[in-house]
Amino acid sequence: MRFLWFGKKKATSVSQSELPNDESFSVNNFVIVQSPLGPQTKTDLERAQIASYLLSLSKMATTPADRALQEYLQEFGANTVELSHYSYNEAQGHSAKVVTTNQTLLLGTPAVIARVTTPFHSTINEAIAAGAQKVLAIDGIAYAAFSINGQVN
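Report on the accompanying structure. Because the structure is predicted, anything quoted here is derived from the model rather than measured.

Regarding the overall build of the chain
Reasoning step 1: Along the chain, the regular secondary structure elements total four helices and six strands.
Reasoning step 2: Looking at the 153 residues of the chain, the share that counts as buried comes to 37%.
Reasoning step 3: Total accessible area computed for the chain in this model is approximately 9800 Å², and 52% of it derives from carbon and sulfur atoms.

What to know about the packing of helix H1 (residues 47-58) against helix H2 (residues 64-75)
Reasoning step 1: In the contact formed by H1 and H2, the axes pass within 9 Å of each other and the chain directions differ by 155°. Our classification of the angle between H1 and H2 gives roughly antiparallel. Seen from above, H1 lies across H2 with left-handed handedness. Of the residues in H2, those in contact with Ala51, Leu54, Leu55 and Ser58 of H1 are Asp66, Leu69, Gln70, Leu73 and Gln74.
Reasoning step 2: By residue class, the composition of the contact of H1 with H2 is five nonpolar, three polar and one charged.

Concerning unusual backbone geometry
Reasoning step 1: Phi angles above zero are rare outside glycine, and His85 is one such case at about 55°.
Reasoning step 2: Counting through the fold element by element, His85 comes out in strand S2 (residues 83-89).
Reasoning step 3: Here His85 falls in the exposed class, since its relative accessible area comes to 65%.
Reasoning step 4: Residue Asn102 is not a glycine yet carries a positive backbone phi of 60°.
Reasoning step 5: On the secondary structure map, Asn102 appears in the loop between strand S3 (93-98) and strand S4 (104-108).

Brief notes about the nonpolar core
Reasoning step 1: Membership of the largest hydrophobic core comes to 26 residues, with the highest contact counts inside it found for Ile50, Leu54, Leu73, Leu136, Ile138 and Phe146.
Reasoning step 2: Counting residues per element, the ones that place at least two in this core are strand S1 (23-32), H1, H2, S3, S4, strand S5 (134-138) and strand S6 (141-152).
Reasoning step 3: The greatest single-element share of this core, amounting to six residues, is contributed by H1.
Reasoning step 4: Val31, Val33, Ile124 and Ala137 belong to the second-largest nonpolar core, a separate cluster that totals 11 residues.

A closer look at the pairing of S3
Reasoning step 1: Taken across its six residues, S3 has five buried, putting it largely inside the fold.
Reasoning step 2: As paired elements, S2 and S3 share five bridges and run antiparallel to each other. If you follow Ser84 over to S3, its bridge partner there is Lys97.
Reasoning step 3: The loop that links S2 with its antiparallel partner S3 comprises three residues.
Reasoning step 4: With four bridges connecting them, S3 and S4 associate as antiparallel partners. Note that in S4 the partner of Lys97 across the bridge is Thr104.
Reasoning step 5: Once S3 ends, the chain turns through five residues before running back antiparallel as S4, passing Asn102 with a positive phi of about 60°.

Topic: H1
Reasoning step 1: Spanning 12 residues, H1 covers 16 Å between terminal C-alpha atoms, matching the ideal 16 Å at 1.5 Å per step.
Reasoning step 2: In terms of residue burial, H1 counts as a mostly covered element, since nine of its 12 residues are buried.
Reasoning step 3: By the burial criterion, the buried members of H1 are Ile50, Ala51, Ser52, Tyr53, Leu54, Leu55, Ser56, Leu57 and Ser58.

Looking at the layout of surface pockets
Reasoning step 1: Here the largest pocket is characterised by a volume of approximately 290 Å³.
Reasoning step 2: In this structure, the largest pocket is lined by 19 residues; those nearest its centre are Thr63, Asp66, Tyr88, His94 and Lys134.
Reasoning step 3: Of all the elements in the fold, those that place two or more residues in the lining of the largest pocket are H2, S3, S4 and S6.

What counts, and at which threshold
- Residues numbered from 1 in each chain as written.
- Predicted model: local features only at pLDDT ≥ 70, side-chain atom pairs only at ≥ 80, totals over all residues.
- Heavy atoms only, no water.
- Helix = DSSP H or I, 4+ residues; strand = E, 2+ residues; numbered from the N terminus.
- Buried < 20%, exposed > 50% of the residue type's maximum accessible area, 1.4 Å probe, protein only.
- Areas by Shrake-Rupley, 256 points an atom, 1.4 Å probe, with all protein chains shown as cover.
- Axes fitted to C-alpha atoms, helices over the stretch in contact; angles between N-to-C directions.
- Parallel < 35°, antiparallel > 145°, perpendicular 65-115°, else oblique.
- Left-handed = near helix turned anticlockwise from the far one by under 90°.
- Contact = heavy atoms within 4.5 Å.
- Nonpolar A, V, L, I, M, F, W, Y, C, P; charged D, E, K, R; others polar.
- Core = buried A, V, L, I, M, F, W, Y, C linked by side-chain atoms within 4.5 Å.
- Pairing = 2+ DSSP bridges.
- Expected span 1.5 Å × (residues − 1).
- 1 Å grid on protein atoms, 1.4 Å probe; cavity = no way out; pocket = protein on both sides within 12 Å on 5 of 7 lines; lining within 4 Å.
- Points joined across faces, edges and corners; volume = space filled by probe spheres on them.

Everything listed here is a matter of geometry and, on its own, says nothing about what the molecule does.
Rendered as structure tokens:
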């Protein structure tokens, strides 16, 4: 036969090592190329416009790493723009269309983006060589590269 204990339960203590760790994220190797195909090709975009597109695309996701990217881009003065047709695939990355300009945005790993864009500008290739893990392409042209690194505090 079992007896129930109706007295006060002993409080359990939690050691510091058992507490959840805080993780912080930082954006590294961030580059924007305003004229990736050269100035005579009419593919120039303003730095703020590229940052705004990236900000809007990152706002569709809600991970702590995406929030770190959003904070970083807001320091550039980026504003959100309205997107449609957003989709995310773990293997392919993020995609969406800018409502006002009908431009297609793609955000993914360099290998994935390289398959669907023109050859990368040398600045983007250098960022990738330095550790950039994500590339933003607009209408099939890569304009930005960056990485987001996490650190446990």
